[in-house]
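# Examination of the molecular architecture
So you can see what is in the structure, the chains are spelled out below.
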Amino acid sequence: MASAAHQNHQEDSLSTRKKGECETIVVFGAGTVEVNGEYRFAGRANGHAHYEMKGTWEGSLATFAIFAAYDKRWYIGILELQKECYRTCKIQDASLLPPARIWWCDVDANCKGPPPILFHDGITLLDWRHDPIVSFADYEIVITVEGTTESTSYHVHKIFLSSGSAYFAGIWGAGANFAEGHENTSQICLDRLTADAFPHLLDYLYWVYANHGRIGLLAASDYWENVSLYWLADYFKIHQLTQDLDHDFEKDIAANPCSCHHYLPSAQTLGVQPRINSVVDTYVAHFSELTEEDIDDLADDLIAPTLVLILGKIEASECHGLIASQLVAAFCERVLVDSETFLALSNATVLPHIHPDAVWALLDAESKVLGAPASTTELTNLQERCIEALSANFLSIDFDDNGPAASQSPLFYCKLMAKSQEHWRSERDAAVQAP
């Protein structure tokens, strides 16, 4: 489309050029004649030298810029200087501004007509969604869903991805010797969740490049998207996206702290521990505020290791202990755990106090996991704590059609009656002694 002659000159006040880089680049022979001319060095952006030239476009003054070069290819764009935010920028920062139009120039290639418009009525045409021939895409990413033969190809632009992702910048950077860089394609296998979120990752990278790093286009529309994008941001080394997702997450849980359980299913599936830890810390901070509905919602989305984390962090108090017993009971009603996990969730250190409403679910889980007590003359430690919980509320116990209640041994009920009498006498004596 265009050929270029490089003219070396002495160093001037723009001392940011690296050794061997030109002060000027002359573009000539381009079919879009407006871009022909001498471009002067104007700073660096994303590791690349940046060159500018004053000219006209569609009857108006314009500044053309060469944004990045990869081998024999480079991008030429127009800086829309009429916009207020651009007039205030220093020359060194100009290379970070979004171009209004972009050419993809190829040395010694023939011109194929006018350049595509990058922005037109708010719609971007230089986009990974468009036909790769129309959009001048220069790289292909093939995403395969783990455990399946399903795959999707994305035709992208190196300049957009490398500007925001250290992963891609490493593949295409100077001195890189990765097969993906030489073959102009990457084969990546992802989990279903992250594969579904990959298009949103591309949207983010394109938006950031075209909007001078200002975020606003991307807002994860669902909890799984926030977590999946977080995983992708970590994998592809997109530090800014990680920060943006953290900001969205923190804003959400600040407004709805007891609803952050929605982030857990995808976070636990993908093993995104920072997000799991944040959810755990949020629930620990608001543990005393949990309602029965909150407990049920949380239990629906938990796995055992996350529940163990929560129980290990809550402060030791009777209030917290009662809520913890309800949470463990609700979880055990949904998930049949192994004996080691059940003991970790229900031992006296974790559940020193048991809520009366949690008793039968805990005893039922104990029976299913550990089997019937080996001794007919002794009760388990959990049974003893459950008796203590029931005895203080003996008159309100519902024994009708309750399987776990009906399956308890005679020894259990003998001790329950004896303990209930103790509570009754203690309350009677306290009432008599009261003035």
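Each chain has its residues counted from 1, following the order in which its sequence is written. Where totals are concerned, whole chains, interfaces and linings use all residues; where local detail is concerned, this predicted model gives features only for residues with pLDDT of at least 70, and gives and counts side-chain atom pairs only at 80 or more. Note: side-chain values were computed over all heavy atoms of the structure, leaving out hydrogens and water.

## Topic: the packing of helix α7 (residues 223-235) against helix α8 (residues 239-255)
- At a closest axis distance of 9 Å, the pairing of α7 and α8 adopts a crossing angle of 155 degrees. Comparing the axis directions of α7 and α8 gives the class roughly antiparallel. As α7 runs across α8, the sense of the crossing is left-handed. Contacts between α7 and α8 involve Y223, N226, L229, Y230, A233 and D234 on the former and, on the latter, L241, T242, L245, D246, D248, F249 and D252.
- Taken together, the residues that form the contact of α7 with α8 break down as seven nonpolar, two polar and four charged. Axis definition: a line fit to C-alpha positions, over the contact stretch in the case of helices; interaxial angles, taken between N-to-C directions, run 0 to 180 degrees. Strands are runs of DSSP state E lasting at least 2 residues, helices are runs of H or I lasting at least 4, and numbering of each runs from the N terminus. By the definition adopted for this analysis, an angle is roughly parallel if under 35 degrees, roughly antiparallel if over 145, roughly perpendicular if from 65 to 115, and oblique otherwise. We call a crossing left-handed when the near helix sits turned anticlockwise from the far one by less than a right angle, and right-handed when that turn is clockwise. The criterion used for residue contact is that any of the two residues' heavy atoms lie within 4.5 Å. Under this grouping Gly is polar, as are all residues other than the nonpolar Ala, Val, Leu, Ile, Met, Phe, Trp, Tyr, Cys and Pro and the charged Asp, Glu, Lys and Arg.

## Considering the packing of aromatic side chains
- Pairing of aromatic rings covers Phe, Tyr and the six-membered ring of Trp, with a centre-to-centre limit of 6.5 Å; geometry is then stacked below 30 degrees between planes, edge-to-face above 60, and tilted otherwise. Enumeration over the complete set of coordinates arrives at 13 aromatic pairs.
- On the numbers, 5.0 Å between centres and 90 degrees between planes, the contact of Y167 with F236 is edge-to-face. Of the two residues, Y167 is situated in helix α4 (residues 166-172) and F236 in the loop between α7 and α8; the sequence distance between them amounts to 69 residues.
- Since its relative accessible area comes to 0%, F236 is described here as buried.
- Aromatic ring contacts, followed pair by pair, group Y154, Y167, F168, F198, W231, Y235 and F236 into a single cluster. Exposure classes here rest on a 1.4 Å probe applied to the protein chains alone. A residue is buried below 20% of its type maximum, exposed above 50%, and partly exposed in between.

## Concerning the pattern of salt bridges
- The salt bridge criterion pairs a side-chain nitrogen of Lys or Arg with a carboxyl oxygen of Asp or Glu, the two atoms within 4 Å. If you walk through the whole model with that rule in mind, you get nine salt bridges.
- The partner of E150 in a salt bridge is R192, and the shortest N-O contact between them spans 2.9 Å. With E150 in the loop between β10 (139-145) and β11 (151-156) and R192 in helix α6 (residues 192-210), this residue pair connects regions lying 42 residues apart in the sequence.
- We classify R192 as partly exposed; its relative accessible area is 36%.

## Comments concerning helix α12 (residues 304-313)
- For α12, every residue scored as buried is listed here: A304, T306, L307, I310 and L311. Each buried residue of α12 sits inside an arc of 160 degrees when the element is viewed along its axis, so together they form one side. In α12, the exposed positions angled more than 90 degrees off the buried face are occupied by P305 and G312.
- Taken together, the buried residues of α12 touch α9 (264-270), α10 (273-285), α11 (292-301), α13 (318-334) and α14 (339-346). This arc describes the spread of directions from the helix axis toward the C-beta atoms.

## What to know about the environment of D246
- Inspection of the secondary structure assignment puts D246 in helix α8.
- Assessed through its relative accessible area of 22%, D246 is described here as partly exposed.
- Measuring from C-alpha to C-alpha, the distance between D246 and S278 comes to 9.8 Å, with 32 residues separating the pair along the chain.
- Residues contacting D246, with those up to four places away along its chain left out, are Y230 and R275.

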